[in-house]
Structure formats: structure tokens, C-alpha cells
Amino acid sequence: MHPRCTNCHVGEGHLPGWEGLGYKPGAVHGMAVRAGESRIGAEGLPCRTCHVTSAAANTVPHAAPHIDAPWQLPPVTLAWQGATPVELCRQLRDPARTDDRDVAALADHVSTSAFVAWGFAPGAGRSAPAGSPQDLARALLAWGAAGAPCG
Ligand code: HEC
Ligand code: HEC
């Protein structure tokens, strides 16, 4: 639920967020950026125009962050911005809303995804969620082993 994650996991407006970067609460991406139904940006101005694909460290505050994968929004079905913890929990155990991932596949995704790795270590002075991708994977597996309760 940290903005480093929710800024991408947004819904049908296709608007990435700029929360937690010093703008007002609920701030959407500047420069009128829309991801469109493709989720990879308007034709002619894809996200990777500014968010270049590069493994170099992110060091410049307020520059467009980059990772070693094409920058884009997740599909609308994976939106959870604004969800309560219980809603997010129920979403994560519903394969229709995880791109068919069960808990083991979710744990594998968070351990290997370039997006998740960036969210936990964004660099350039950005805040990050507590822990590491491996901590999150372990927590997911423990939750799955307990029958994936959501309270
Ligand atoms: C730059 C955008 C971006 C950021 C930032 C981002 N993600 Fe994602 N996320 C994606 C994309 C794209 C997918 C779908 C990729 C796929 O299916 O292979 C995805 C899929 C996922 C999934 C698997 C599907 C699901 O929702 O059940 C999880 C879990 C996830 N992300 C967690 C995170 C976490 C945790 C963070 C922050 C630490 C994060 N993401 C940050 C783009 C992003
Ligand atoms: C015209 C250049 C440009 C384009 C095109 C662009 N971005 Fe950005 N983006 C930026 C800049 C610059 C920042 C950093 C803003 C800051 O830190 O003040 C940013 C930040 C972000 C953030 C916030 C990261 C964080 O730290 O939480 C997300 C999410 C994001 N962009 C997603 C996208 C997506 C998805 C697309 C394509 C639909 C896209 N951007 C297209 C320039 C761009």
C-alpha cells in the first residue's frame, strides 16, 4: 500500500500517481501523462520515452525513475490504489484479479519483478516500503500456508 507501489497499481483512469514525491495527496502524474488501455503510454509517447530502460542506479531526485524493464502500468485488474487492507487481501487470493497467480506465484513474482525491486529500493531520495522483496515473498508464503485469511 506504499505509494512506490500504488502509483502504478491504479485503475481505469489509466493515470499513474505522483504520491509521496512532495506533491499534494492523491497527486496524479504531471505533464498530462495517460497510460491508455495499452497501459504503456499514448502511441508516440510511451512511458519508456522518459522512463528509459536501464540498469543504472537512480540517483537524480525528481528525474523519471528507470529500471531494466519497459516501464508501464500493470493491467487494470491488478489495480489496488485506494483499497483497504482487507480488500487488497481478498484481491490477492482471487486468481481472476492476480493474472491467474496463486500465492506461490505471487511470492515468486515479488521476488523477481524489476518493478517490485525498484519499489523497495527506488534511490534518488524516494521513500520506500519497509522490508525487502524477499521479506514480502516470505510473508506471502506464510499467509498462504495459513489458508490465506483476510480477517
Ligand atoms: C512502474 C510500475 C510498477 C510499479 C512501481 C510496481 N508495479 Fe507491480 N506490477 C507492474 C506490472 C506491469 C505488473 C504486471 C507484470 C506481470 O504480470 O508480469 C505488476 C504486477 C504485480 C503483482 C502481481 C499481480 C498482482 O497484482 O497480484 C504484484 C504482487 C505486484 N506487482 C506488486 C508490487 C509491489 C509490492 C510494488 C512496490 C514494491 C509494485 N508492484 C510496484 C508494475 C508496477
Ligand atoms: C514526459 C516524460 C514522462 C513520461 C512520458 C512519463 N513519465 Fe512518469 N515520471 C516522469 C518524471 C519526471 C517523474 C518523477 C517526478 C518527481 O519525482 O517529481 C515520473 C514519475 C512517475 C511515477 C512515480 C514514481 C514514484 O516514485 O512513485 C510513476 C508511477 C510514473 N512516472 C509512471 C509513468 C507511466 C506509467 C508512464 C506512461 C503511461 C509515464 N510515467 C510516462 C516523467 C515521465
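Scroll up to find the structure this text is about.
In this report, we go over the structure that sits alongside the text. Because the structure is a prediction, the values reported are computed rather than measured. (Residues numbered from 1 in each chain as written. Chains lettered and ligands numbered in written order. Predicted model: local features only at pLDDT ≥ 70, side-chain atom pairs only at ≥ 80, totals over all residues. Heavy atoms only, no water.)

**Examining the coordination of the iron atom of ligand 1**
Let me state the cut-off plainly: For Na, K and Ca the donor cut-off is 3.2 Å, and for all other metals it is 2.8 Å, counting N, O and S atoms only; because water is absent from this set, sites may look incomplete. Counting from the N terminus, the helices are DSSP H or I runs at least four residues long and the strands are E runs at least two residues long.
Donation to the iron atom of ligand 1 from the protein comes from one atom only, His-9 (NE2), at 2.2 Å. Structurally, His-9 can be placed in the loop between helix H1 (3–6) and strand S1 (41–42).

**Brief notes about the packing of aromatic side chains**
The criterion, for reference: Any two rings among Phe, Tyr and Trp, with Trp reduced to its six-membered ring, count as a pair given centres within 6.5 Å; such a pair is stacked if its planes are under 30 degrees apart, edge-to-face if over 60, and tilted if neither. Each residue is assigned to one of three classes by its accessible area relative to the maximum for its type, calculated with a 1.4 Å probe on protein chains only: buried under 20%, partly exposed between the two thresholds, exposed over 50%.
Per the counting criterion, the structure on display carries 3 aromatic pairs. For the pair Trp-18 and Tyr-23, a centre-to-centre distance of 5.1 Å together with 25° between the ring planes defines the contact as stacked. A centroid spacing of 5.3 Å and a plane angle of 80° characterise the contact between Trp-71 and Trp-118, whose relative ring orientation is edge-to-face. Taken together, the residues span a long stretch of sequence, with Trp-71 in the loop between strand S2 (45–46) and helix H2 (85–92) and Trp-118 in helix H4 (residues 114–120) at a distance of 47 residues. Exposure class is identical for Trp-71 and Trp-118. Each is buried. Taken together, the ring pairs in this structure connect Trp-71, Phe-115 and Trp-118 into an aromatic cluster.

**Remarks on the site of ligand 1**
Our working rule: Any residue with a heavy atom positioned within 4 Å of a molecule or strand is treated as near that molecule or strand. Throughout this description, a polar contact denotes any pair of N or O atoms lying within 3.5 Å of each other; where both atoms belong to protein, one of them has to be capable of donating a hydrogen while the other can accept it, and for residues adjacent in sequence the pair is counted only when both atoms sit in side chains. By the convention adopted, Pro, Cys, Tyr, Trp, Phe, Met, Ile, Leu, Val and Ala count as nonpolar, Lys, Arg, Asp and Glu as charged, and the other residues, Gly among them, as polar.
The immediate surroundings of ligand 1 are formed by 23 residues, with Cys-5, Cys-8, His-9, Arg-101 and His-109 found nearest. A distance of 2.9 Å is found between an oxygen atom of ligand 1 and a side-chain nitrogen or oxygen belonging to Arg-101. In the environment of ligand 1, a nitrogen atom lies 3.4 Å from a nitrogen or oxygen atom belonging to the side chain of His-109. Looking at the shell around ligand 1, the elements that each hand over two or more residues are H1, helix H3 (103–112) and H4. The leading source of residues in the shell around ligand 1 is H4, at 5 residues. Residue composition of the shell around ligand 1, grouped by class: 15 nonpolar, 5 polar and 3 charged.

**Some thoughts on H3**
Where we set the bar: Picture the helix axis, draw a direction to every C-beta atom, and the arc is the one those directions span. Only heavy atoms matter for contacts: two residues are in contact if any of them lie within 4.5 Å across the pair.
When we look at burial in H3, the residues that qualify are Val-103, Leu-106, Ala-107 and Val-110. Here the buried residues of H3 occupy an arc of 100° about the axis, which is enough to place them on one side. For H3, the secondary structure elements touched by its buried residues are H2, H4 and helix H5 (133–145).

**Quick word on the coordination of the iron atom of ligand 2**
The test is simple: Angular criteria define each label, namely tetrahedral for four donors with all angles between 85 and 135 degrees, square planar for four and octahedral for six donors with opposite donors over 155 degrees apart and remaining angles between 65 and 115, and irregular for whatever fails these tests.
Those protein atoms acting as donors to the iron atom of ligand 2 are His-29 (NE2) and His-51 (NE2), and they sit at 1.9 to 2.0 Å. Geometry at the iron atom of ligand 2 is octahedral, judged from its 6 donor atoms and the angles of 88 to 180° they form at the metal. Of this pair, His-29 sits in the loop between H1 and S1 while His-51 sits in the loop between S2 and H2, and the two are 22 residues apart along the sequence. For the pair shown, His-29 and His-51 are each scored as buried.

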